[in-house]
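Residues per chain are reported as follows:
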Amino acid sequence: MGDDTAVNGRDRASAKTGGNLVQSVDRAISVLELLAKNGESGITEIAAELGVHKSTASRLLTVLEQRGLVEQLGQRGKYVIGFGIVRLAGAATGRMDLAQLGQTVCQSLAEQLGETVNVAVPDSGVAINISQVRGAASVTTHNWVGQRTPLHATSSGKVLLAHLPDRQREALLGEELESYTPRTVTDVADLRAELDQVLRDGYTACFEELELGLNALAAPVRGPDGAVLAAISASGPSYRLSRRRIRQVAPQLIAAAGELSHRLGYLGD
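Reference entry: report on the structure contained in this document.

Conventions and cut-offs
- Position labels on residues start from 1 in each chain and follow its written sequence.
- The predicted nature of this model means local features are confined to residues of pLDDT at least 70 and side-chain atom pairs, given and counted, to a pLDDT of 80 or more, with totals for whole chains, interfaces and linings taken over all residues.
- No hydrogens and no water enter the side-chain calculation; it runs on all heavy atoms of the structure.
- Buried residues of nine kinds, namely Ala, Val, Leu, Ile, Met, Phe, Trp, Tyr and Cys, make up a nonpolar core once their side-chain atoms join them within 4.5 Å.
- The buried label applies to any residue whose accessible area, calculated with a 1.4 Å probe on protein chains only, is under 20% of its type's maximum; exposed applies above 50%, and partly exposed to all values in between.
- In this text, helices come from DSSP runs of H or I with a minimum length of four residues, and strands from runs of E with a minimum of two, each type numbered from the N-terminal end.
- Axis geometry follows a simple rule: fit a line to the C-alpha atoms, using only the stretch in contact for helices, then measure angles between N-to-C directions, giving values from 0 to 180 degrees.
- Throughout, the term roughly parallel applies to angles under 35 degrees, roughly antiparallel to angles over 145, roughly perpendicular to angles from 65 to 115, and oblique to all others.
- In this scheme, a crossing is called left-handed if the near helix is turned counterclockwise away from the far one by less than a right angle; it is called right-handed if the turn is clockwise.
- Whether two residues are in contact is decided by their heavy atoms: any pair within 4.5 Å suffices.
- For this scheme, ten residues count as nonpolar: Ala, Val, Leu, Ile, Met, Phe, Trp, Tyr, Cys and Pro. Four count as charged, namely Asp, Glu, Lys and Arg, and the remainder, Gly too, count as polar.
- The span you would expect from a helix comes to 1.5 Å times its residue count less one.
- By arc we mean the arc of the directions from the helix axis to the C-beta atoms, nothing more.

Okay, the nonpolar core next. Among the nonpolar cores identified, the biggest contains 31 residues, and L217, I232 and L260 are the most heavily contacted of them. Mapped onto this core, the elements with two or more residues apiece are α5 (98–113), β3 (116–123), β4 (126–133), β6 (204–207), β7 (214–222), β8 (228–237) and α9 (243–263). Ranked by size, the runner-up nonpolar core spans 18 residues in total, among them L151, V159, L160 and L173.

Spelled out as structure tokens, the structure:
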């Protein structure tokens, strides 16, 4: 009886210690994310953000500073990210592959929507698909990976076109826009209006503009500095991926784009 009581006591103590350790790790990571986002912060600011006492924040910062993950700007100054982070980032560089990371996010989104999901990047005035996952309801066997698609006639392309530097975008809009179906937008004024809408809404859709019977929607994927590196899209037959359903699933697509952006190091909203 006494032995059982002792064992149970040790188990409870161990669970409590483990819980405290997990909480400390979580808070330490929160400190790093806060400094990465703000650039620099003082102990008071950090404590307030974490909802902890200043002494707790100070202990966290001391440990992180000892490991080179943060550094203090002068005596009793504010804290910034330390160069130890560079060492850790260097070890992860080989894994920070957009296609690889995109595949995981595509898989999750394809399972949610049941449609084909792709990630595309810009390349010399076109979009190139680098990742694809087919959903359970997908009726097409077309493999878009490696395929070059026009910027003005696809949802991914319009997202990428909307976020190009002004000079590049204007140069592309100055060229003749090819018509792929009767629904392809080839009027520059109309296309400009759509690109403005992309920036306002955070996503766009195409309705049978590249292929008759095929609709799609896409949202931007951002890198660490906030620049748009790629677009993630979901496509399916027009009878299933209707205008109404596109409006319904747009939040899921935008969330997936945000998740991929976060994995690439983007800390914005």
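One non-glycine residue, S124, lies in positive phi territory at about 50°. Here S124 is to be found in the loop between β3 and β4. Under the relative-accessibility criterion, S124 is labelled exposed at 70%.

What follows concerns the packing of α5 against α9. Axis separation between α5 and α9 bottoms out at 10 Å; the angle between their running directions is 155°. Of the possible angle classes, the one that applies to α5 and α9 is roughly antiparallel. The chirality of how α5 crosses α9 is right-handed. Contacts between α5 and α9 pair L98, L101, G102, T104, V105, L109, Q112 and L113 from the former with R245, V249, Q252, L253, A256, E259, L260 and R263 from the latter.

This part covers the packing of helix α2 (residues 43–50) against helix α3 (residues 54–66). Axis separation between α2 and α3 bottoms out at 9 Å; the angle between their running directions is 105°. It follows that α2 is roughly perpendicular to α3 by the angle criterion. Counted together, I43, T44, I46, A47 and L50 of α2 and K54, A57, S58, L60 and L61 of α3 form the full contact between these two elements. Taken together, the residues of the contact of α2 with α3 sort by class into seven nonpolar, two polar and one charged.

Let us look at the side chain of H152. By the element assignment, H152 lies in the loop between β5 (148–150) and α6 (155–162). What makes H152 buried here is its relative accessible area of 8%. Sequence-distant contacts of H152, that is, excluding residues within four places in its chain, are made with K158, L177, E178, Y180, T184, V185, L191 and E209.

Taking 1.5 Å as the rise per residue, α3 with 13 residues should run 18 Å; its terminal C-alpha atoms sit 18 Å apart, in good agreement. Buried residues of α3: T56, A57, L60, L61 and L64, and no others. All buried residues of α3 lie within an arc of 130° about the axis, which places them on one face of the element. Exposed residues on α3 whose side chains face more than 90 degrees from its buried face are R59 and Q66. Downstream of α3 by a residue or two, G68 has a phi angle that is positive, lying close to 80°.

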